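# Architecture and fold: a report
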Amino acid sequence: MKIMNFDEINDLAKNLAKKLENGGCVGLIGDLGAGKTTFTKKICKYFGVTENVKSPTFTYVIEYESGRKKISHFDVYRISDSEEIYEIGFEDFIGDEESVVIVEWADKILSEMPQDTIFIEINHNSENTRKISVYKFENGEKIDCLEKLQK
């Protein structure tokens, strides 16, 4: 975990977006109002999305197709059982090399997230900083990826 200011977080989002040029999945985890949707907006901006990026809390998913990559933005805050994700067609969105899938509140469906998901945990620290963790799971083990994305 690292404490980062908003400029550093924006750089992190841009660096992550570069790694998603061939598609992939991002799981965002964190406190309410910590910046998950703002992080998503930065990734969308990198890919040239022109639509208004907002949290899909009540629709579960919003697709953005105006940029260089199709981006499917999920918010699973209201899901009470991870199996519910399949009722909204989650499996139709994952695994497409041409698209990026971003899931806010990914910890609610951790067992259903694709194996190659990069998780970004964003938690409040102060008004101008957040505690950030970046990791993925390999063979059930949490692997820190923050340094790789800061280069």
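Here's a quick rundown of the structure. (Residues numbered from 1 in each chain as written. Predicted model: local features only at pLDDT ≥ 70, side-chain atom pairs only at ≥ 80, totals over all residues. Heavy atoms only, no water.)

The next point concerns the packing of aromatic side chains. Taken as a whole and assessed by the stated rule, the structure comprises seven aromatic pairs. Measuring from centroid to centroid gives 5.5 Å for Phe119 and Phe137, while their planes differ by 75°, and the two rings are edge-to-face. Taken as a pair, Phe119 in strand 6 (residues 118-124) and Phe137 in strand 7 (residues 129-138) lie far apart in primary sequence, 18 residues in all. Exposure remark for Phe137: the relative accessible area of 27% places this residue in the partly exposed category. Taking 5.7 Å as the distance between ring centres and 80° as the angle between the ring planes, the aromatic pair formed by Tyr135 and Phe137 counts as edge-to-face. Through pairs of rings, three or more aromatic residues link up here, namely Phe74, Phe90 and Phe93. Geometry around Tyr60 places Arg78 over its ring, the cationic atom sitting 5.0 Å from the centre. Above the ring of Tyr135, the side-chain terminus of Lys142 is found at 4.2 Å from the ring centroid. (Phe/Tyr/Trp six-rings, centres within 6.5 Å; stacked < 30°, edge-to-face > 60°. Helix = DSSP H or I, 4+ residues; strand = E, 2+ residues; numbered from the N terminus. Buried < 20%, exposed > 50% of the residue type's maximum accessible area, 1.4 Å probe, protein only. Lys NZ or Arg CZ within 6 Å of the ring centre and 35° of its normal.)

A separate point is the nonpolar core. In summary, soluble globular proteins display a tendency toward joint burial of nonpolar side chains. Membership of the largest hydrophobic core comes to 29 residues, with the highest contact counts inside it found for Leu12, Leu16, Phe39, Ile43, Ile71, Ile120 and Val134. Beyond its immediate sequence surroundings of up to four residues, Ile120 is in contact with Leu16, Val26, Gly27, Leu28, Ile29, Phe39, Ser133 and Val134. Ile29, Tyr60, Ile79 and Ile109 belong to the second largest nonpolar core, which has 17 residues in total. (Core = buried A, V, L, I, M, F, W, Y, C linked by side-chain atoms within 4.5 Å. Contact = heavy atoms within 4.5 Å.)

Here we come to the pairing of strand 4 (residues 70-75). Burial of strand 4 is extensive: five of the six residues sit out of reach of the surface. In terms of strand pairing, strand 4 meets strand 5 (residues 99-104) through six bridges, oriented parallel. When the sheet's bridge partners are listed, Ser72 is paired in strand 5 with Val101. (Pairing = 2+ DSSP bridges.)

Another aspect to go through is the environment of Glu147. Secondary-structure assignment places Glu147 in helix 4 (residues 146-149). Distance from Glu147 to Ile71, taken between C-alpha atoms, is 25 Å for residues 76 residues apart in sequence.

For the rest of this paragraph, the subject is the pairing of strand 6. In terms of burial, strand 6 is a largely internal element, five of the seven residues being buried. Sheet analysis places strand 2 (residues 24-30) next to strand 6, joined by five bridges and oriented parallel. If you follow Val26 over to strand 6, its bridge partner there is Ile118. Sheet analysis places strand 6 next to strand 7, joined by six bridges and oriented antiparallel. Looking at strand 7, one finds that Ile122 is bridged to Ile132.

Together, Lys14, Lys18, Lys41, Lys42 and Lys45 give the surface a local cluster of positive charge. Mapped onto the positive patch, the elements with two or more residues apiece are helix 1 (6-19) and helix 2 (36-46). No other element matches the three residues that helix 2 contributes to the positive patch. By the element assignment, Lys42 lies in helix 2. (Patch = residues over 30% accessible without salt bridge, like charges linked within 9 Å, V, L, I, M, F, W, Y side chains within 5 Å. Areas by Shrake-Rupley, 256 points an atom, 1.4 Å probe, with all protein chains shown as cover. Salt bridge = Lys/Arg side-chain N within 4 Å of Asp/Glu carboxyl O. Lys, Arg positive; Asp, Glu negative; His and termini not counted. Charge placed at Lys NZ, Arg CZ, Asp CG, Glu CD.)

What follows deals with the packing of helix 1 against helix 2. For the pair helix 1 and helix 2, interaxial distance at closest approach is 9 Å and the crossing angle is 50°. Relative to helix 2, the element helix 1 lies oblique. The handedness of the crossing between helix 1 and helix 2 comes out as right-handed. Packed against helix 1, whose contacting residues are Ile9, Asn10, Leu12, Ala13, Lys14, Leu16, Ala17 and Lys18, the element helix 2 presents Phe39, Lys42, Ile43 and Tyr46 at the interface. Class assignment for the residues of the contact of helix 1 with helix 2 results in eight nonpolar, one polar and three charged. (Axes fitted to C-alpha atoms, helices over the stretch in contact; angles between N-to-C directions. Parallel < 35°, antiparallel > 145°, perpendicular 65-115°, else oblique. Left-handed = near helix turned anticlockwise from the far one by under 90°. Nonpolar A, V, L, I, M, F, W, Y, C, P; charged D, E, K, R; others polar.)

Functional significance is not addressed by these values, which are geometric in nature.
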